[in-house]
Amino acid sequence: MSENENDSFRDKNVKEKIIAIIGITLLIVLAVGFVFGLYFFGLAGVFKMLGVQYDSIWSLVIFVICMFGVGLILELVTKSIFVLFTRNMTEKTKILFIRIIIEFTSNWLVLFTVDELMNSITLSVQTEVVIAALLTAIEIIFDDDDKENEETINETRN
């Protein structure tokens with residue numbers, strides 16, 4: 001190993017520190033941008049399929065940003081509720097059923113709240129329900145894949 005591989009951040013000069021900070025910041029911005037893009041283009045596609053009208057692209061951008069904000073706050077509450085409801089349960093189907101109910105309610109509440117706050121996008125209740133169900137299914141499918149991968153890794157280690 002060379003000496004440069006063992007250097008700590010504290011030992012680097014100012015130029016190297018700035019490059020490292022810019023690189024990490026750029027990586028974070030790209031990751032957040034990618035997730036935002038997925039939500040933005042996903043919602044744009046779903047809105048197009050369901051016939052939802054919006055005033056401009058910027059109203060859709062604001063809608064997605066508001067969904068992130070409200071969703072983040074509500075996510076903290078719903079995760080706590082889910083853990084409290086299921087901490088003593090062992091049956092996976094009951095846990096999944098409770099999770100679907102909580103996730104769907106949370107997604108619908110976020111959509112409803114953001115829809116009510118914005119005048120440039122108007123969603124019908126049926127559209128809110130369809131989008132909330134779609135988001136719930138996507139969240140559960142992708143989250144279950146992560147858990148299955150973790151279980152496979154843990155089984156391999158043992």
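Relevant structure appears above.
The rules behind the values
- Residues numbered from 1 in each chain as written.
- Predicted model: local features only at pLDDT ≥ 70, side-chain atom pairs only at ≥ 80, totals over all residues.
- Heavy atoms only, no water.
- Helix = DSSP H or I, 4+ residues; strand = E, 2+ residues; numbered from the N terminus.
- Buried < 20%, exposed > 50% of the residue type's maximum accessible area, 1.4 Å probe, protein only.
- Contact = heavy atoms within 4.5 Å.
- Areas by Shrake-Rupley, 256 points an atom, 1.4 Å probe, with all protein chains shown as cover.
- Polar contact = N/O pair within 3.5 Å; in protein donor to acceptor, adjacent residues only side chain to side chain.
- Salt bridge = Lys/Arg side-chain N within 4 Å of Asp/Glu carboxyl O.

Remarks on the overall build of the protein chain
Looking only at helices and strands, the protein chain has four helices and zero strands in total. When the helices and strands of the protein chain are read in sequence order from the N terminus, they spell out α-α-α-α. Looking at the 158 residues of the protein chain, the share that counts as buried comes to 25%. Here the analysis covers contacts within the protein chain between residues at least 6 apart in sequence; of these, 67% occur between residues at least 24 apart. For the protein chain, the exposed area adds up to about 11700 Å²; of that, 67% sits on carbon and sulfur atoms.

Some remarks on the environment of Arg 99
Take Arg 99: it is sitting in helix α3 (residues 92–117). Using a relative accessible area of 7% as the deciding quantity, one classes Arg 99 as buried. Sequence spacing of Arg 99 and Phe 85 is 14 residues, and the spatial spacing of their C-alpha atoms is 9.4 Å. One polar contact links Arg 99 to Asp 143, side chain to side chain, over a distance of 2.7 Å.

Some words on the pattern of salt bridges
One pass over the structure, following the stated rule, counts four salt bridges. For Glu 103, the salt bridge is made with Arg 99, and the minimal N-O distance between the two is 3.9 Å. Taken together, the residues span about one helical turn, with Glu 103 and Arg 99 both in helix α3 at a distance of four residues. Bridged by salt links that share partners, the residues Glu 75, Lys 79, Arg 99, Glu 103 and Asp 143 form one connected network.

Everything listed here is a matter of coordinates, which is why it stays silent on function.
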